[in-house]
Amino acid sequence: MSRKRIINVLLKEWQFLFTDINSVLLVTLVPLLIVGQLILYVWLGATFAGESALNINIFQNALANLQSATPTVAALSGSEQFQVLLLSQFNLFMLLIPLMIAVSVATFSIVDEKLSGSLEALLATPVKTWELLLGKALAGAIPALMVTWICAGVFLLAVAIMGWGYLLGMVVTPVWFISLFLFTPAVTVLSFLLGVIGSSRARDAKGAQNLVVFVVLPVLALITIQVTGIIWFTTLSALLLALGIVLADVIVLRIAVRLFQRESIIVQWR
Amino acid sequence: MKIIEACHLTKKFGELTAVEDLSLTVEQGEVLGFLGPNGAGKTTTIRMLSGIISPTSGYAWIGDYRTDGEIEHLHESIGLLTETPGFYEKLSARRNLEFFAGFYPNIEIKARVEKYLKTMGLWERRQSRVGTFSKGMKQRLALARALLHEPKVLFLDEPTAGLDPEAAREVRELVKKLSSEGRTIFLSTHNLTEAEQLCHRIAVIRTKLLAVDSGQNLRHRFFRREAVIRLDNPGGTVVEAVKKLAFVEDLREEADRLVLVLSEPDKNRPELVNAIVGAGGRILEVSEREHPLEEIYLKLMREEK
Ligand SMILES: Nc1ncnc2c1ncn2[C@@H]1O[C@H](COP(=O)(O)OP(=O)(O)O)[C@@H](O)[C@H]1O
Ligand SMILES: [Mg+2]
């Protein structure tokens, strides 16, 4: 029965999502823009910065880290090393896609129901809180992850077309896989849950979406510390980080279910 | 047989007490009017009874289920018409109902949705987005939603509020029909006429429960019954004769009418008529004065202050 109810929520959310032009754009255009931007950065960086960028201090540490993680990089020319460095950041950048989709879908789907009053009718049915949240979570997370993985494919393809295919072997490492298939889903769920928490407290979608800042900032911070070489994700540290986030998911899920008390969600809309 | 039983329900929102120590029961098949001004705690009570919010203290039974127990089963046996209809306006009427029907076990979703769209006269518009519906249509759709799983108990929160008279009448007709099918209905309203027309008993609430009884009994409790005699020839002799009767406790003259309070109205009336006729009074009409429910309501509200 739980499964039937979760699927019921999921299908409704999708129908709702895909009849709304804004949501459709959010799920298609935004990710493509992000990927396009990434490709542009890599191209600009490689074309104009080239060797000289290597002399910039902040990249020195990162390059050293890169070389120790992937020794084959050392054999490349300076500008090629720089390209690998840039390309290696892309999986973190890609995190922005599911983050933005998950937070937007989560907050809209709950705040909308609050404002239209359908939530109260929904809460009078036998649906359980966790079924409702999970249905909504999957409705946001599944397309977000699909789109992210498609974008990852598009990115790799674009890189290959630009003639850098031979560098990809140094970019698509175990860390890359962990990042895309473990870290990204875990972070997507996390940002969804934060969206739920935000929207069970917020009075409108805008308020809830300010939360985007709180999930996007850590990702940007992560990229910064990696580019500046403060830390570099090895297979082990990436795995540990991903597991840490999975753990955070479980904890935050419990908090989310508690905060999404049927009571507060009806009470707060006044 | 009791089907709703509220036991000392109290709900506080911070400092504010919305509902205080409310206990009442509703019998199977009964329509209970829950009457009170805005902010009296009607919606809060319905939310507590339907297990959507939890009371600060107290509890309630709906059939075999307690509001602080297995809420899922309680929800299978109730239908709720919320104060605002609350639909997914971008989806069709039919899709909306199918979605809500999807949460109940063992129901033939398509057939049920069709049945209730037809009952509510919305079958022709099943493909239209709910956003294009008028208020009255949304209200009927919301009733259809509340009925889909054929619940034992229906909670209707101000079902006619904000509707135009025609739409309100339609909704009242539907409520009457549901009642005639023997459904238990808990109907909140701030409309006295509606409460009187539709309900077997009326509970008057203003944070606390002020009174529960049938409209008729409330009248008798709050106002003494007054007999009204209209005469062709009002005047002295008749009044004198009537004043002599022991069971006449009070007497007023209003134009061609005598308004009397009798000790035992049903028993005394024939004797009263005899006495008047004996004194030469030519009676045109004998009736009893009905106090509008409004007076009782206002009296209750004043006492409360
Ligand atoms: N979620 C809430 N948070 C704070 N106060 C509330 C909430 N819901 C209702 N109230 C207050 O409780 C009282 C009763 O409200 P309500 O049950 O909606 O009354 P009614 O339905 O009879 O108009 C009102 O004073 C209202 O402001
Ligand atoms: Mg109300």
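Scroll up to find the structure this text is about.
Conventions used here
Residues numbered from 1 in each chain as written. Chains lettered and ligands numbered in written order. Predicted model: local features only at pLDDT ≥ 70, side-chain atom pairs only at ≥ 80, totals over all residues. Heavy atoms only, no water. Pairing = 2+ DSSP bridges. Helix = DSSP H or I, 4+ residues; strand = E, 2+ residues; numbered from the N terminus. Axes fitted to C-alpha atoms, helices over the stretch in contact; angles between N-to-C directions. Contact = heavy atoms within 4.5 Å. Near = heavy atom within 4 Å. Polar contact = N/O pair within 3.5 Å; in protein donor to acceptor, adjacent residues only side chain to side chain. Areas by Shrake-Rupley, 256 points an atom, 1.4 Å probe, with all protein chains shown as cover. Donors = N, O, S within 2.8 Å, 3.2 Å for Na, K, Ca; no water. Buried < 20%, exposed > 50% of the residue type's maximum accessible area, 1.4 Å probe, protein only. Buried area = accessible area lost by both parts, 1.4 Å probe. Salt bridge = Lys/Arg side-chain N within 4 Å of Asp/Glu carboxyl O.

Engineer: Describe in detail the sheet that holds strand 12 (residues 248-254) of chain B, supporting the description with residues and values.
Structural biologist: All names here are of chain B. If you walk across this open sheet you meet the four strands as 12-13-11-14, and the pairing is antiparallel. Looking at the sheet topology across the chains shown, the edges are occupied by strand 12 and strand 14 (283-289). Geometrically, the sheet is characterised by an average inter-axis angle of 20° between neighbouring strands, direction not taken into account. Across six bridges, the pairing between strand 12 and strand 13 (residues 257-262) is antiparallel. Of the residues in strand 13, the one forming a bridge with Leu251 is Leu260. Taken strand by strand, helix 9 (residues 236-244) contacts strand 11 (226-231), strand 12 and strand 13, and its axis lies near 160° from that of strand 12. Across the sheet, helix 10 (residues 265-278) lies against strand 11, strand 12, strand 13 and strand 14, angled at about 155° from strand 14, the strand it touches most.

Engineer: With reference to specific residues and values, describe the site of ligand 1.
Structural biologist: Neighbouring ligand 1 are 13 residues; B:Gly39, B:Gly41, B:Lys42, B:Thr43 and B:Thr44 lie closest to it. Positioned at a junction of chains, ligand 1 has nearby residues supplied by chains A and B. The side chain of B:Thr44 places a nitrogen or oxygen atom 2.5 Å from an oxygen atom of ligand 1. Contact with the protein chains removes 79% of the 550 Å² of surface that ligand 1 exposes when unbound. Put simply, the parts of the chain that give the shell around ligand 1 at least two residues each are strand 2 (16-27) and helix 1 (42-49) of chain B.

Engineer: Account for the sheet that holds strand 9 (residues 201-206) of chain B, with residues named and values stated.
Structural biologist: All names here are of chain B. Overall, mixed pairing links the six strands, which are arranged 6-7-8-3-9-10 in an open sheet. Two strands in the sheet have a free side with no partner beyond their single neighbour: strand 6 (78-81) and strand 10 (208-213). Across the sheet, the mean angle separating the axes of adjacent strands is 15° when strand polarity is ignored. Sheet strands touched by helix 8 (residues 215-222): strand 9 and strand 10. Its angle to strand 10, the strand with the most contacts, is close to 110°.

Engineer: Hey, could you go over the coordination of the magnesium ion (ligand 2) for me, with residue numbers and the actual values?
Structural biologist: Residues and elements named next belong to chain B. Every protein donor of the magnesium ion (ligand 2) is accounted for by Thr43 (OG1), Glu83 (OE) and Glu83 (OE), and the metal-donor separations fall at 1.9 to 2.8 Å. Linking Thr43 in helix 1 with Glu83 in the loop between strand 6 and helix 3 (93-101), this pair joins segments that are 40 residues apart in sequence. Residue class for Glu83 comes out partly exposed when judged on its relative accessible area of 37%.

Engineer: Go over the interface of chain A and chain B with me, naming the residues and quoting the values.
Structural biologist: With 29 residues of chain A at the contact, the number on the chain B side is 24 residues. Interface area for chain A against chain B, summed over the two sides, is near 2,800 Å², with a carbon-plus-sulfur share of 60%. At the boundary of chain A and chain B, one finds three salt bridges. Of the charged contacts in the structure, one is a salt bridge between B:Glu72 and A:Arg5, with a shortest N-O distance of 3.1 Å. Across the chain A-chain B interface, the total number found is nine residue pairs in polar contact (both at pLDDT 80 or more). Those elements that provide at least two residues to the side of chain A that touches chain B are helix 1 (2-18), helix 6 (96-116), helix 7 (118-123) and helix 14 (262-267) of chain A. Of all the elements, helix 1 of chain A adds the most residues to the side of chain A that touches chain B, at eight residues.

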